[in-house]
Amino acid sequence: MIDALVHLERCDDPTRAAEQAARVGVSAMLCAGVDPRTDRPLPPLPASPEVHRAFGIHPEAASERDLAEQLAALARRLDEPGVVALGECGLDAREGMPPKEIQVRALTVQLALAAERGLPVILHLVRAHARGLALVEESQVRAGVWHGFAGPREAIAPAVRLGLFLSVGGLVLNQRAKRLREAVPHIPADRLLVETDAPELPPERLVDVVAEVARLRGEQPIDVARRAEDNARAVYRR
Ligand SMILES: [Zn+2]
């Protein structure tokens, strides 16, 4: 299995988290960034799972005052070894998040940077997917991951047309997450990813996400795991 998105450095014990993931069959994971100025380097990790990296300015970290500095740091960190994507980046319309204009500016600049570098993006789109997809469409980016996909079903086709993969995480385990659970069977098999967003969910619980996604799609967990693994290798080109 491949975990399409984790924040390993935010886990209490990243080494142990990686070991536990390996024990349940996670062969690789993508460790995404939040703020390129402060994202910590990873401690020494076991040989398995493979850990690939992404850096980006998360919408929660987008700052009017610091944006130039954040972008300069991002440009440097994208040169680090093992970087396969730009992210997280995106829009989050929940209360307490930075003003929308700043989030839009940060996302627009990052989309241009990803296109320039030929990197896929990892999108965090919360209560703002229409605007987010419109910004992707206006950019040159045509490869990426919509992480923490929460539905709706109607957003799948436009996202797929833009070259995006839909990554399903721990929300699917919540019986009340009707919009997502109803959308899961409609994700094309060649665009489906799974993630834990660890520490949101402990990395070894990727097994539970796979099992629930399989149940909702009427498929076998092993088939979902293999598909999602092939898809992760395709989008991250690893
Ligand atoms: Zn996110």
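For the structure, see preceding data.
A. Region of the structure containing the overall build of the chain. A tally of helices and strands in the chain yields eight helices and eight strands. Compactness check: the chain gives a C-alpha radius of gyration of 16 Å against a globular reference of 18 Å for 238 residues, within 12% of the reference. A buried classification covers 45% of the 238 residues belonging to the chain. Look at the contacts in the chain between residues 6 or more apart in sequence, and 72% of them connect residues 24 or more apart.

B. A look at helix α7 (residues 206-217). Taking 1.5 Å as the rise per residue, α7 with twelve residues should run 16 Å; its terminal C-alpha atoms sit 16 Å apart, in good agreement. Elements that come into contact with the buried residues of α7 comprise β1 (2-6), α1 (14-23), β7 (164-168), β8 (192-194) and α8 (221-236). After α7 finishes, the residue glycine 218 shows a positive phi value of roughly 65°.

C. The arrangement of the packing of α7 against α8 in detail. At their nearest, the axes of α7 and α8 sit 8 Å apart, and the two run at 110° to each other. Our classification of the angle between α7 and α8 gives roughly perpendicular. On α8, the residues that touch Val210, Ala211, Val213, Ala214 and Arg217 of α7 are Pro221, Val224 and Ala225. For the contact of α7 with α8, the residue count by class is seven nonpolar, no polar and one charged.

D. Quick peek at the nonpolar core. Leu30, Leu86, Val121, Val145, Leu166, Leu193 and Val194 are the most contacted members of the largest nonpolar core, which totals 70 residues. If you tally residues by element for this core, the top one is α8, at six residues. Apart from the residues lying within four places of it in its own chain, the contact partners of leucine 193 are Ala4, Val145, Phe165, Leu166, Ser167, Ala228, Asn231 and Ala232.

E. Looking closely at the sheet that holds strand β2 (residues 28-31). Read from one edge of the open sheet, eight strands run β1-β2-β3-β4-β5-β6-β7-β8, paired in parallel fashion. A single partner strand is all that each edge strand has here, and the edge strands are β1 and β8. Here the strands of the sheet are splayed against their neighbours by 30° on average, with no regard to which way each runs. Note: strand β6 (residues 144-147) against β7, three bridges, orientation parallel. The residue bridging valine 145 from the neighbouring strand is phenylalanine 165, located in β7.

F. Spotlight on the pairing of strand β5 (residues 121-126). Counting buried positions along β5 yields five of six residues, so the element is predominantly enclosed. Pairing between strand β4 (residues 83-92) and β5: six bridges, direction parallel. Within β5, the position partnered with cysteine 89 by the bridge is leucine 123. When β5 meets β6, the two strands line up parallel, connected through four bridges. Bridge pairing links leucine 123 to tryptophan 146 in β6. In this fold, the crossover linking β5 to β6 by way of helix α4 (residues 129-138) has right-handed handedness.

G. Focus on the pairing of β1. For β1, the buried fraction is high: five of the five residues fall into the buried class. Where β1 lies against β2, three bridges are found, and the strand directions are parallel. Of the residues in β2, the one forming a bridge with aspartate 3 is methionine 29. After leaving β1, the chain enters α1 and then returns to the sheet as β2, a path that is right-handed.

Quick notes on the rules
Residues numbered from 1 in each chain as written. Predicted model: local features only at pLDDT ≥ 70, side-chain atom pairs only at ≥ 80, totals over all residues. Helix = DSSP H or I, 4+ residues; strand = E, 2+ residues; numbered from the N terminus. Rg over C-alpha atoms; globule rule 2.2 N^0.38 Å. Buried ≥ 20, exposed ≤ 12 C-beta atoms within 10 Å, placed from the backbone. Contact = placed C-beta atoms within 7 Å. Expected span 1.5 Å × (residues − 1). Axes fitted to C-alpha atoms, helices over the stretch in contact; angles between N-to-C directions. Parallel < 35°, antiparallel > 145°, perpendicular 65-115°, else oblique. Nonpolar A, V, L, I, M, F, W, Y, C, P; charged D, E, K, R; others polar. Core = buried A, V, L, I, M, F, W, Y, C linked by C-beta atoms within 7 Å. Pairing = 2+ DSSP bridges. Right-handed = clockwise from strand over helix to strand, strands pointing away.

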